[in-house]
Amino acid sequence: MKLHHSSWTAALALAVALAAPLAMAQDALTERQVQNQLEQQGFKKVHDLKFRDGMWRAHAKSADGRSVTVKVDPRTGEAYPDEQVSRLSETDVRASLSTAGYTHVHDVDFKDGLWRAKAENPAGADVKLQIDPHTGKVIGTD
């Protein structure tokens, strides 16, 4: 029996459509992998990890100590917190500034999605800094 091109195309499309959910299920991260991903992204005390509505969900502490609810992409492990959080702690920020040559670092605070600090730059001038919450790099000075 000879299949017409359109019948063959329809059969192939149906096979792909039926196999797609199986491939996606096989690509999903396990609970343990999600836990590890969240810890690598700076979240601490991860608990109540559940899979619901196509996403992993958990409660955790961000690196800056705030309680957050986080959704996690089941394929990539990318975390989406319910509010912007820092992946760095205050100690991480202080260490980053120190290695960049800043001294007398004080008033380190996480506000509006950025770390802010006051310090002396390598030339000895007083500066107000804005710091990336994920890398610890200075992204602005006042």
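Our structure is the block above this text.
Engineer: Give a detailed account of the sheet that holds strand β4 (residues 79-81), specifying residues and quantitative values.
Structural biologist: Reading across the sheet, the four strands line up as β1-β2-β3-β4 and stay open at both edges, with antiparallel pairing between neighbours. Single-partner strands in this sheet number two, and they are β1 (44-52) and β4. For this sheet, the mean inter-axis angle between neighbouring strands, taken without regard to orientation, is 25°. Two elements, strand β3 (residues 67-72) and β4, share three bridges in a ladder whose sense is antiparallel. Of the residues in β4, the one forming a bridge with Val 72 is Ala 79. Running at roughly 140° to β1, helix α2 (residues 31-40) makes contact with β1, β2 (55-61), β3 and β4 of the sheet.

Engineer: Kindly report on the sheet that holds strand β7 (residues 126-131), identifying the contributing residues and their values.
Structural biologist: An order of β5-β6-β7-β8 is seen for the four strands of this open sheet, with the pairing classed as antiparallel. The open sheet has two edge strands, β5 (103-111) and β8 (138-141), and neither has a second partner. The mean angle between the axes of side-by-side strands here comes to 25°, regardless of whether they run parallel or antiparallel. Direction of pairing for β7 relative to β8: antiparallel, over a ladder of three bridges. Opposite Ile 131, over in β8, you have Val 138 as the bridge partner. Of the strands in this sheet, β5, β6 (114-120), β7 and β8 touch helix α3 (residues 90-99), which is tilted by about 140° from β5.

Analysis parameters
Residues numbered from 1 in each chain as written. Predicted model: local features only at pLDDT ≥ 70, side-chain atom pairs only at ≥ 80, totals over all residues. Heavy atoms only, no water. Pairing = 2+ DSSP bridges. Helix = DSSP H or I, 4+ residues; strand = E, 2+ residues; numbered from the N terminus. Axes fitted to C-alpha atoms, helices over the stretch in contact; angles between N-to-C directions. Contact = heavy atoms within 4.5 Å.

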